[in-house]
Structures are given as C-alpha cells and as structure tokens.
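Chain residues, written in single-letter form:
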Amino acid sequence: MMRRPRTTAKCVSYNEYENTDTDMSLSQTVSDGEDDEEWKPTDPQSSVSPNAAKMSATREKKAAVTRTAKPKEQKRPKVTKVSRDAKPRAPCKPAAGQKTTSKRAKDAAEAGMPGIKRKKTHAGFEKDQCEAQTDFQEEKMTDESDITIKPKEERLSFIVSQVPGTSNWGDEGSSQIHPPVKKENLKEEDFTFDEPCLKKQKTSGACQGQPTARPLLEGQPCSLKNELNMNWNVTELLSALTCVEKWVCANIILLLREENTVPFMVRYRKEMINHLDADAVRDVQIVYEELCSLAKKTNSVIQTLKKDGVLTPELEKTMRSCRSTDELDHVYSPYKKGSKLTKARRAKALGLEAAASALINAPQTLDLSTWVQPATQGLSSLKEVTTGVEHILADMIAKDPETLTYVKALCEKSFVTIQSSVSKTALKEKEQDKSGSKKAGAEHGKPKDIEKFHLYFEFTCNIQRIQPHQTLAINRGESLKILTVKVNIPDRVKSDFTWWCVNNRWRPKSMAKEEQKAIIMNAVDDSYKRLILPFLTRSYRTKLTSAAEKESIAMFVRNLRQRLLVCPVRGCVIMGVDPGFRHGCKLAILSPTSQIIHTDVLYLHNAGQQREAEKLRHLMTKYSCTKVVIGNGTACRETETFFADLIARRFFHPLDVSYCITNEAGASIYSVSPEAVKEMPDLDPNLRSAVSIGRRVQDPLGELVKIDPKHIGIGTYQHDVSAGALKAALEGVVQECVSFVGVDINICSEILMRHVAGLNAGRARNITEWREQNGPFTNREQLKLVKGMGPKSYQQCAGFIRIDPQTLQSVKSSPQPAATVTGKAATKKCKGKTGVKTADSLNPLDQTCIHPESYSVAQRFLSLVDGSVDQIGSAVLKHCVESKIKTNSVEELARVVDTTPETLKIIIDGLTQPPGFDIRQNFGQPDFKRGIVSISDLQPGTVLTGRVDNTTLFGSFVDIGVGRSGLIHKSKITLDKLPVSQRRRSLALGPGERVEVRVLNVDSQRGRISLDLIRVLQ
C-alpha cells in the first residue's frame, strides 16, 4: 500500500531531517488522505531487501571518502557554489554554519541519497540538482513557499531509517510489505519529533528575550530569503511589519515550518516565542503567510513575463523588491494579458525607449527630429515622437521605487482625507420612491438601506483618524452603490513632487534645452495625474480596508474566545426552553451530564395557561429541576415574564427555581445539521434547539463548537471582511480554546475532539472508532495505536488530551463492545495499527497538562521534592512544591532537573492543580435571576450591574436584564475604568464580563439605552 502524496497547504521544511512525519499543515488544513500516516511495524526481513543491500554498499563506499572529497558531489554544472557559500555567511557564527553544512552533507552521503535518484521521483522539481542538501533547498525555492514537499520527506525518511548507525531511529523497523515508503520512527520514550535524536539540543539556556539555540536557526534568515527568492529578508520584514523581535520571528517561522500548531507553541514552546500569546503568534503567522503568498505570486508573474518575452533584469529586480501585493499589481498591470497596450508600451514598440533614455542621460546628443518617420503611425510628426517619449518617461517615473517612496513620504506629512457622499443613483431611487414610482417600488428595501448610511452622505475624515467600523461602513455603502468614495491628496504634494522630480531625481545629467526640459515637465505631470495618483488612492483604500478587516476579525476572535470560555454550570438538572408563540415553547430537561431526560412542548402564551403551568410544575418537581435556560429569540420576553410571575408567586415551592437568558444564535441552524441528526436522530428539529439552548449553559465550549462560529452572533461586519481570513481566525481560536481547556479522550464527542491541536475530522473519527472497538484509553501512549496518528500529530495533541482515572473507571464499569486493548491485543483486526507496542497501565501524569516529552523531567522534579505521582493534586504535594520553590528559585530548580524554567512552571502547575481542574472556573457563569425589570423602570443615573453581550468596533452591548441591551460607547471605555490586565486593547470588554454601569439616556420609542462604564467586576 504505497502512500499517495498528501494535499497539505503551505507545508515546507528546513532540512531533510525535520518534519519527516508531519500531519498538520501550516494553516491547519489537512485532507483526509493524511489519515494514512502512522507508525509502521518492525520487519525483520527488511535488512536483506535489495534496497538495503544497495544502500549498505553505498555506505561502505562513502565511509572511505574523507572530508576533503566532499566537493566531488558537485557534478552538475547548473548547481553553482552560491547556495553553498550562503550558509557560512549566515548572520551568526559563520564557522559553525560551515561545520553544520558539511556535517549534514556528509550525513546525507552516508545515508546514500544521490540527488539524481531523488529528482526522478519528483518530476515537478528542477532536474539539475545533485547534492542532497542543495537539492532539497532548491526544490523549495523552485516550488515556492507554500508547495507541499511531503513525498520528498518520506523518501529521505526511508533512507535515513535504514542507516545502521542511527540506532535511535530504527527501533520500530520498517514496513513488512513495502520498506521503501517507511517513515522515520523515534524511540517511544523520546517525544522529540522535529529533529533526529543524534542532533537534539537542549534549550535549558534559553530565557526570555534571548534566541533559543536550535539546529540551523542561525542560518535560517538566509535560507528563507533564498527560498522565497525576493530582494528582502523575510525575517527582517516580518519583524518590521509585526513589531516583534527578529529572533522571535525567526523562531516562529521555524516552528510553523515544522508544522507546530499555535496552541502547542504558546504552551510548550514559550521560551522560543518570548512568551507571546496566541493572538500575537497568530498575527505573525498571518503576515508570514501573506509574505509567502506575495513571493509565490511574484515568482509566478516573473515566469509568465519570461514566457511572453517581455521580462527585463530591471523589471525583475523591481518585482522582487515589492513588499505588498498592491505594489506588485502596480508594476505588473501594464503587462497583464487581455489588457490593451499601455501608452508607454506602444511607444516602446516604436523604438522610442532609446530616445527617452538619451533625454535623461545625454540630452545634448538627442535630436527628436531624426526619429520622425512620416509613413509610420506614432512617428509621423515631431509632436507624436515627443508624446511617445513623454509616455515612456511617465511610465519610468511611476515605477521607480525611489520616486514612489518620496511621494509616499510627502503624503504622510500632508493632510490626506477620505470623503464619501451619496451617489446620484441612490438619490434618484430615493426621489422615485417618494413620488411612488412603480419602478422604485420594485425594490422595497433600497430606501431603507439608503437611510442607514445617512451618517456618510457628507463625510470627510483624515485617513489617519478614521475608525475601522467607519471604513467598513463606507465600503459597504460603496458596494451597494449608495455612496461614492474618493481620497483627497493636497495639491501641495503635487507641486513638491514635481519640483523634486524635475530638479533632483529626473534631472538631465547634462545641459538640456528648454524644449527638452518641457518634455520632462510634461512627463512628470502626466505620470502623477494618470499613474501615481490612482496608485496612491488604491494603496490608501487597500490599507484602510486591510486594517479595518484585521481589527474586525480581532474583535470576532476576542468575542468568540470569551463566549467559549464561559464557566459551565455543572452538577444540576437544567431545563432548556426554546420560546415561541404559535408553535409553543419547546422544552428539554437535561441531566447533570447533559443527557436528555425529557422533551415536551408547552403553549405558555395561548389559552389554558394555568393548565400548562401545572404541567410545567409537575415536570420540574419530577426531575428536581431548579435551573431554567431561556433562548433570547421570539417570545423570549413573554416567556421570561411567565416564569418570573410563577417564581414570584412561589408556584414551584419547595423548589428554589431561577432562570437565565442565553443567546440562541445558531441553534436553529444546528438543529437541522448532519451532526445534530446523527446525535439526536429521533428528535424533532425544534426540540433539538431546546437541547442546544440548555447545553450552552451546562457546557458552552462543548456545545458551541458544533456551530459555525459565524452563526453564534458575535462581532460586526462579518460579511464585509475576507471570508477566508475570518474563517481561519475563528477556527484558530476554537482550536486554542478547546486545546487549552483540554478534553477527556474517553467521554468527549467526536465534534469536540476534531478541534484539538494536531487532530482533524479523520483522526477524531478514527479515535472514536478505536474507542468503540477496544474500550477506553488507559494512557496517552495508546493514541499511537490509532490509524493516522503519526509522531507529529501525537506530539501536537498529546498535551491537550486527558485520561481522567474517575472517568476511566466509570467507563470500564459500563458495558463495552470490546476489552481494553493491550500491546498484544493491538494486533487484532480493528480500526488501528498493527504491531505497535504500548503500555496498558495507567499513568497519573496523563490527567495533567504536562506534555509526555516532559514526563522524565516531572519524575526528576518529584524526586527532588520527595513526592510521587500518586500525590498529584493533593495538598501534601502542593505544600512540598511550594516549600521547595521558597528555598530555591524556579530557575535554579530548572537547572537542577535539566530543563527550561517555562517547562518547569508547566510541570509545577500540572502537579499542584487539583484533579479535574478547569481553566474556565476563573470565568463568570451565566446570571440566574428570579425577577424582571422593564425598560420603562430605567431612569438616567440609575446604577446597574450587567453582563457584556457583544463587543463591536464602536462599543460594547450590555445585558442589564430589561429585554434590550444597552450600549457603552467606546469613548466611555477608558483605561482608568479597566483592570490592569485588560488595558492592552482600546476595547477591552468581551462577552461574558460582568460590569457596573450607569444609565445615561433611555429612548423607549427606539428601544435604545446609553450606558456609562463604572468598573469591571472581577
């Protein structure tokens, strides 16, 4: 079963030893074909295979070659020494860089990896590559930054695993059927999957603010620059764009290219990313992907122009110097296929480029009258020749990097504004609607849309002061053809630019005649008006839109994180209510473990309310239900009034009943989804909505991950931002929340499991099937038995998966389809691997946040504090650890146990946290209440407490219990009113936070409440 190449997005590697068995792509988009990735069982016959025999002979031959014979590998004439000399010129430790290069090349030679063999298996790469290291690097350059190179990694991994000297890599042997596709395997107790065991380096010397020593890290910027094939250094540019230190950017790039997920980096690689949070790392990742995309597009454009025969060295240099897609489009637009020839290209086709060059370099030798050709169109008169030269000069000026930099600097010092006004089309339609025209009546919603944008009918703002929500609103109005938008650049910019061009940058190098100076002046004026001004306008609009989209997406991410991390309400029976009028209120009573006990429909707002109330009391008494969760949809206010009236009359006595209102956004969409049908096949979709509403309070994270984040009702302008960027950001924060909270592998749902870092839908399905066939997991090691779980996947997900002993015992006591698997039983026919041995004993460390790669360190630390794994979470062990930390600092203890302070802090947290610890317990729960307040009861100056319902770019909406959310404008959210930990962002309030507010104004007719923030309640 030869493994087919996988379709991973943006998956690249630094060298032949890294990422040889990876599962997650840079953007975490993995196809189901990756499920074939796995550890292969040992094959005792593989040592006598023909390939192995050939490789053995190759190794014996290579062993006799000294280090001075290494240049013999450079046989192909097209492989120059430039790429090999680039390594010693790395920014740091050039001598070490030379040694590393030679050692890697020697290792490749010993492993028997001739470049010619390798390139035959990958026809998509360049054919003229011979040396192992140079071959691999140039393949990445040729296929650009985000092309998958998995097949080559597998080839390398097979060859390395056959080397007898690398005993640490060959413990599990090769495949019994097809040795050539065997993937490298590490020792089971060694969880370093991203580099060979023989080259492993400790990071104990790493500290905050200093780069961590990693293989090839010092030469990384150089290799990245060569690979992207641009005239800028990706690390330096990334650092400038994200305001993150260069060494941190280099480390993040390396970790991303090793296919590490953001949650894994933030928790287990803190020393390498300088303790950045997930949002900061994700920002760096997004900018890096944009730069890689720019490099890919640039190389593609260059290849197209080369094929068309219009590429010149100057044009290629200009393109490779572009730092944004906007700049690249500006340079490439005249050469796009399908577009008519520009004025400059038509003039060049007539041969006038030499005349334009002579006008600048040697005007005294230029006589334009000699270029006149009466029989040729475009050269028939002196005026036509002069015009052609002006067009060429205008094009040269508009594409000159120094000129563009100067004009941008002038604009930055000037008062550039963006202006919007109502369009003539919108005014015409509005007038037609007022006059009752039939034509206008065809579009009933249009006049209403026009009025929504009345704030921007005569709007002008400095581009440096415009708010993100204003930019998105203007863009939406422009797309609906309601607004017209333009960028106003002062005339002083044009005058200063013209003077600089004529007297400085484009001044003739020798004495020029007056008519020649006039040509240059006309060319500068034409270039600014026809080419540069539109470019600046597009550039400003693009930057404003990009910044607004990023801010809007950041708001989405923050709101979603706050919504997912709401503290669950556990240990009680809950009734979920999906309110309604005509079709009744749908009820679902849930057990403390979210199991469906009873469902029903009550008509609380029709005739016979007393009968329905009696039925409701019977259900709540029968199931001892004291908590009611009401969805905030249709009939919410009436249903809340009904329950509040019953509670006030002590109708449910002796039960102490309370209720809360929860956001039901997305519940109806989920109720008809395939996941809901599979989970609740016998329930009506309306009743599924009631179940979802109740579970959103019992376990918000477990329930909300089932719904597309865009449908949860968070953020604003979701239809005005990039759909791809929004989806990637929201999926990233879901993965972050699920991973940091952790999942109990024996009871969590398949839908929740697929959001764990390192897992996807295919692996989650395989884990569920393995669990159904073999019983519960007894330790994390057994995850290796699951089909599709390769070393990289296991490394990424292992720290976020829990094995709770209590849950394990309860699952074991219930009937199981099969007995718990052991290492011997794993060879049975099941949805898993064969021949992989793992322990079947319970490891207490598996219930903690400690990563398996740090288990040996945790054992040493336990010995140091005189503790044992059986005491995890106990007060005794916590006292021992605290006593040890008081006498010795964490840094000193880290040196004693041979690890980093960051890793030791994670170990200390994992050992001292009580069993079943949940990070969400520090977040607030939903507010249950027994009474109701009306908007008519509010008066200006009233002080209330509420909970933030949603945060937008212009303020935060707060639920104060009156049926309508009040708005705290962002001008009222000042730093002095926020806790210190929340002062990093201008809008530091997120959904779920409890606040104390003061009523400023109440507009009962429009249902608007203006609030002032007093303080955030902790």
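On a predicted model such as this, the values are computed, not experimentally measured, just so you know.

A. Spatial organisation of the overall build of the protein. Counting its secondary structure elements, the protein contains 39 helices and 15 strands. Taken across its 1018 residues, the protein has 53% of its residues classed as buried. Residue pairs in contact within the protein that sit at least 24 positions apart in sequence constitute 71% of those at least 6 positions apart. Here the protein has roughly 46400 Å² of accessible surface; of this, 52% comes from carbon and sulfur atoms.

B. Structural view of the sheet that holds strand β13 (residues 965-969). Read around the closed barrel, the five strands follow the order β11-β12-β13-β15-β14; overall the barrel is mixed. Ignoring strand direction, the axes of neighbouring strands in this sheet form an average angle of 50°. In terms of strand pairing, strand β11 (residues 943-952) meets strand β14 (residues 994-1003) through five bridges, oriented antiparallel. Counted as the bridge partner of leucine 944 is valine 997 from β14.

C. Structural context of unusual backbone geometry. Cis geometry is found at the peptide bond from histidine 653 to proline 654, where omega equals 15°. Assignment of secondary structure puts proline 654 in the loop between α26 (636-648) and β8 (658-662). A positive phi angle, near 60°, is found at cysteine 243, a position not held by glycine.

D. Spotlight on the packing of aromatic side chains. A full pass over the atoms with the stated rule returns ten aromatic pairs. Centre to centre, the rings of phenylalanine 264 and tyrosine 268 are 5.6 Å apart; their planes meet at 45°, and the pair counts as tilted. Highlighted residues: phenylalanine 264 and tyrosine 268, both in helix α10 (residues 262-268), separated by four residues, approximately one helical turn. Each member of the pair, phenylalanine 264 as well as tyrosine 268, is classed as buried. Above the plane of the ring of tryptophan 506 lies arginine 505, whose end atom (NZ or CZ) is 5.1 Å from the centre. Here the basic side chain of arginine 617 rests over the ring of phenylalanine 651, its NZ or CZ set 4.1 Å away from the ring centre.

E. Layout of the pattern of salt bridges. The full count for this structure, using the stated rule, is 34 salt bridges. Taking the shortest distance from any N to any O, the salt bridge between aspartate 395 and lysine 399 comes out at 3.4 Å. Exposure remark for aspartate 395: the relative accessible area of 11% places this residue in the buried category. Since its relative accessible area comes to 13%, lysine 399 is described here as buried. What emerges from the salt-bridge pattern is a single network uniting Asp279, Arg282, Arg561 and Glu736.

F. Expanded view of the environment of asparagine 686. The residue asparagine 686 is located in helix α29 (residues 685-698) in this model. For asparagine 686, a relative accessible area of 40% puts it in the partly exposed group. Placed 103 residues apart in sequence, asparagine 686 and histidine 583 show a C-alpha to C-alpha distance of 9.5 Å. If near-sequence neighbours (up to four positions away) are discounted, asparagine 686 is found in contact with Asp578 and Lys586.

G. Examining the packing of helix α8 (residues 234-242) against helix α12 (residues 278-308) more closely. Between α8 and α12, the shortest axis-to-axis distance is 10 Å and the interhelical angle comes to 130°. Judged by the angle between their axes, α8 and α12 are oblique. Handedness of the α8/α12 crossing: right-handed. On α12, the residues touching Val234, Leu237, Leu238, Leu241 and Thr242 of α8 are Asp283, Val284, Val287, Tyr288 and Leu291. For the contact of α8 with α12, the class distribution of residues is eight nonpolar, one polar and one charged.

H. Representation of helix α33 (residues 761-774) in the model. In a regular helix each residue adds 1.5 Å, so 14 residues correspond to 20 Å; α33 covers 20 Å between its end C-alpha atoms and thus fits that length. Taken together, the buried positions of α33 are occupied by Gly762, Arg763, Ala764, Asn766, Ile767, Thr768, Trp770, Arg771 and Asn774. Of the surrounding secondary structure, the elements contacted by the buried residues of α33 are α32 (750-753) and α34 (791-798). Capping the start of α33, asparagine 760 holds a side-chain oxygen 3.2 Å from the backbone nitrogen of glycine 762, two or three residues further along. Positive phi appears at glycine 775, one or two residues downstream of α33, with a value of about 90°.

I. Just the sheet that holds strand β5 (residues 585-590), in detail. An order of β6-β5-β4-β7-β8 is seen for the five strands of this open sheet, with the pairing classed as mixed. The open sheet has two edge strands with one neighbour each: β6 (596-602) and β8. This sheet shows a mean twist of 20° between the axes of neighbouring strands, independent of strand direction. In terms of strand pairing, strand β7 (residues 627-631) meets β8 through five bridges, oriented parallel. Looking at β8, one finds that glycine 631 is bridged to threonine 662. Across the sheet, helix α25 (residues 609-622) touches β4 (574-578), β5, β6 and β7, and the angle it forms with β6 is around 175°.

J. Structural detail: the nonpolar core. Membership of the largest hydrophobic core comes to 157 residues, with the highest contact counts inside it found for Met319, Leu393, Ile489, Phe497 and Ile767. Looking at which element gives the most residues to this core, the answer is helix α24 (residues 514-564), with 17 residues. Sequence-distant contacts of isoleucine 489, that is, excluding residues within four places in its chain, are made with Cys411, Val416, Tyr528, Leu533, Leu536 and Tyr540. Counting residues in hydrophobic clusters, the runner-up holds 26 residues, among them Leu587, Ala613, Ile630 and Phe652.

K. Molecular detail of helix α9 (residues 246-257). Along its twelve residues, α9 runs 16 Å from first to last C-alpha, staying within 8% of the 16 Å computed at 1.5 Å per residue. Taken across its twelve residues, α9 has eleven buried, putting it largely inside the fold. Along α9, the positions that sit buried rather than exposed are Trp247, Val248, Cys249, Ala250, Asn251, Ile252, Ile253, Leu254, Leu255, Leu256 and Arg257. In the segment just after α9, glutamate 259 is the residue with positive phi, at about 65°.

The rules we used
Residues numbered from 1 in each chain as written. Predicted model: local features only at pLDDT ≥ 70, side-chain atom pairs only at ≥ 80, totals over all residues. Heavy atoms only, no water. Helix = DSSP H or I, 4+ residues; strand = E, 2+ residues; numbered from the N terminus. Buried < 20%, exposed > 50% of the residue type's maximum accessible area, 1.4 Å probe, protein only. Contact = heavy atoms within 4.5 Å. Areas by Shrake-Rupley, 256 points an atom, 1.4 Å probe, with all protein chains shown as cover. Pairing = 2+ DSSP bridges. Axes fitted to C-alpha atoms, helices over the stretch in contact; angles between N-to-C directions. Phe/Tyr/Trp six-rings, centres within 6.5 Å; stacked < 30°, edge-to-face > 60°. Lys NZ or Arg CZ within 6 Å of the ring centre and 35° of its normal. Salt bridge = Lys/Arg side-chain N within 4 Å of Asp/Glu carboxyl O. Parallel < 35°, antiparallel > 145°, perpendicular 65-115°, else oblique. Left-handed = near helix turned anticlockwise from the far one by under 90°. Nonpolar A, V, L, I, M, F, W, Y, C, P; charged D, E, K, R; others polar. Expected span 1.5 Å × (residues − 1). Polar contact = N/O pair within 3.5 Å; in protein donor to acceptor, adjacent residues only side chain to side chain. Core = buried A, V, L, I, M, F, W, Y, C linked by side-chain atoms within 4.5 Å.

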